[in-house]
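Here is what each chain is made of, one letter per residue.
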Amino acid sequence: MSKKSIFSLLAILIVLGVYTYEHFLKEEEQVEIITEGKAVKNNTNEYFLPTSTTGQIVHHEGFSLSYSEPHEQAEWVAYELKKGHLTNTNFKRPYFEIDKAVKTGAASWRNYKNSGFDRGHLCPAGDRKYSQNAHDETFLTSNISPQVHDFNSGIWNTLEQKVRYWASKYDGVFVVTGGVLKGQMKTIGNEKVSVPNQFYKVLIDNNTGKTKMIAFLMPHENSSKPLYEFVVSVDEVEALTGIDFFPELDDTIENKLEASSSYKDWSFN
DNA sequence: CTGGCCGAC
DNA sequence: GTCGGCCAG
């Protein structure tokens, strides 16, 4: 074989290699197919996206979010927590990182340094332990909100554990969570990250045949009250935040379920 | 589980 | 800047 043909062969191999590599990268990034106002994950048919009041929705492997640039945090983070997602694996805690997928620039973790506030996960690390990547993604600053430590490790943690219990019991729930980014708020850091005065969590179970919802609204302080004392209607959270949580749902079902603040279908044992 | 802080490299 | 170890609710 001549030197020239060896060179040609090498060139072809390199081009082929780069092409395969880029194709692989694209497949890694494009875990989901996005249509207007709704993300249809190809591994589930139970994925609901709320509306965005900010116009900036970002998708990751383990969750989607709507980023509020003025408040330097997500107005909501949404993800499906399936029974199969729950594992005992103990991943090492990674460092918090700025989310480069947020085009307007996600907050730096430095804002939280010496602020007296926790870097509180919206999608808990404990909900994404089915893979190293999904776990580490929860440490992106787009998934973080300033939280009082006693609240974060207290009743908010209790609620997150209850969500995992329900995910196990009902074989999966869809979760939307965030701080209420309204009214007068304290801010921290150079980027003035807002400290929400309330946090909410909205759940829908569309797996067990009969669709059911529940919503929680909590003041940003620890409490020894039982969780069901914080149950409100989805309508109330929508009125407070301006977010429409389940726009794809059949209107008749949506209106009925979102108006209810009953928690009889959810086991608090 | 939820986190912070501190010192070594 | 990053990592490991140790601390607390």
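Going by what an unreviewed UniProt entry lists, chain A is known as Endonuclease and is assigned to Algibacter luteus. Chain A has a UniProt comment under Cofactor (unreviewed entry) that states "Mg(2+)". Per its UniProt entry, chain A bears the Sequence similarities (unreviewed entry) comment "Belongs to the DNA/RNA non-specific endonuclease family."

1. Thoughts on the environment of Trp-76
In this fold, Trp-76 is placed in strand S5 (residues 73–81). You can call Trp-76 buried: its relative accessible area is 0%. In this structure, the C-alpha to C-alpha distance between Trp-76 and Ile-243, residues 167 residues apart in sequence, is 8.8 Å. Those residues in contact with Trp-76, other than ones at most four positions away along the chain, are Leu-49, Pro-50, Thr-51, Ser-52, Ile-57, Ser-64, Leu-65, Ser-66, Val-176, Thr-177, Tyr-200 and Ile-243. A distance of 2.8 Å separates a polar atom in the side chain of Trp-76 from the backbone oxygen of Thr-51.

2. Focus on the protein's contact with DNA strand C
With respect to spatial proximity, the complete set of residues near DNA strand C consists of Lys-92, Arg-110, His-149, Asp-150, Ser-153 and Asn-157. Measuring from a phosphate oxygen of DNA strand C, one finds a side-chain N or O atom of Lys-92 at 3.0 Å. At a separation of 3.0 Å, a phosphate oxygen of DNA strand C approaches a polar side-chain atom of Arg-110. Its residues assigned to classes, the surface near DNA strand C shows no nonpolar, 3 polar and 3 charged.

3. Side note on the side chain of Thr-177
Relative to the helices and strands, Thr-177 resides in strand S8 (residues 173–179). Looking at Thr-177, its side chain comes within polar contact range of the side chain of Lys-201, at 3.4 Å.

4. A look at the protein's contact with DNA strand B
Within the structure, DNA strand B sits among 16 residues, and Arg-119, His-121, Gly-126, Lys-129 and Asn-152 are positioned closest to it. Taking Asn-152, its side chain carries an N or O atom lying 2.6 Å from a sugar or linking oxygen of DNA strand B. Between DNA strand B and Asn-157, the relevant distance is 3.1 Å, taken from a base oxygen to a side-chain nitrogen or oxygen of the residue. Ranked by residue count, the leading element in the surface near DNA strand B is strand S6 (residues 118–121), at 4 residues. Of the residues in the surface near DNA strand B, the class split is 2 nonpolar, 8 polar and 6 charged.

5. Observations concerning the pattern of salt bridges
Per the stated rule, a full pass over the model turns up 4 salt bridges. A single salt-bridge network, built from bridges that share partners, covers Lys-210, Lys-264 and Asp-265.

6. A look at the nonpolar core
Core analysis: the biggest nonpolar cluster contains 42 residues, and Val-77, Trp-166, Val-173, Phe-216 and Met-218 have the highest contact counts within it. Mapped onto this core, the elements with two or more residues apiece are strand S4 (64–68), S5, helix H4 (155–169), S8, strand S10 (193–195), strand S11 (198–205) and strand S12 (212–219). Top contributing element to this core by residue count: H4, with 6 residues. Residues in contact with Val-173, not counting those within four places in the same chain, are Tyr-79, Glu-80, Leu-81, Val-163, Trp-166, Ala-167, Ile-204, Asp-205, Asn-207 and Trp-266.

7. Comments concerning helix H6 (residues 251–259)
All of the buried residues in H6 are Glu-254, Leu-257 and Glu-258. Projection of H6 onto a plane perpendicular to its axis shows the buried side chains occupying an angular sector of 95°, all on one side. More than 90 degrees from the buried face of H6, the exposed residues found are Thr-252, Asn-255 and Lys-256. Buried-residue contacts for H6 involve S12 and helix H5 (234–241).

8. A closer look at the pairing of S11
S11 sits mainly inside the fold: 7 of its 8 residues count as buried. Sheet topology places S8 next to S11; 6 bridges connect them, and they run antiparallel. When the bridges of S11 are listed, Gly-178 appears paired with Tyr-200. Pairing between S11 and S12: 8 bridges, direction antiparallel. Within S12, the residue paired with Phe-199 across the bridge is Met-218. Once S11 ends, the chain turns through 6 residues before running back antiparallel as S12, passing Gly-209 with a positive phi of about 95°.

Thresholds applied
Residues numbered from 1 in each chain as written. Chains lettered and ligands numbered in written order. Predicted model: local features only at pLDDT ≥ 70, side-chain atom pairs only at ≥ 80, totals over all residues. Heavy atoms only, no water. UniProt positions renumbered as here; feature names shortened; annotations may be inferred. Helix = DSSP H or I, 4+ residues; strand = E, 2+ residues; numbered from the N terminus. Buried < 20%, exposed > 50% of the residue type's maximum accessible area, 1.4 Å probe, protein only. Contact = heavy atoms within 4.5 Å. Polar contact = N/O pair within 3.5 Å; in protein donor to acceptor, adjacent residues only side chain to side chain. Near = heavy atom within 4 Å. Nonpolar A, V, L, I, M, F, W, Y, C, P; charged D, E, K, R; others polar. Salt bridge = Lys/Arg side-chain N within 4 Å of Asp/Glu carboxyl O. Core = buried A, V, L, I, M, F, W, Y, C linked by side-chain atoms within 4.5 Å. Arc of directions from axis to C-beta. Pairing = 2+ DSSP bridges.

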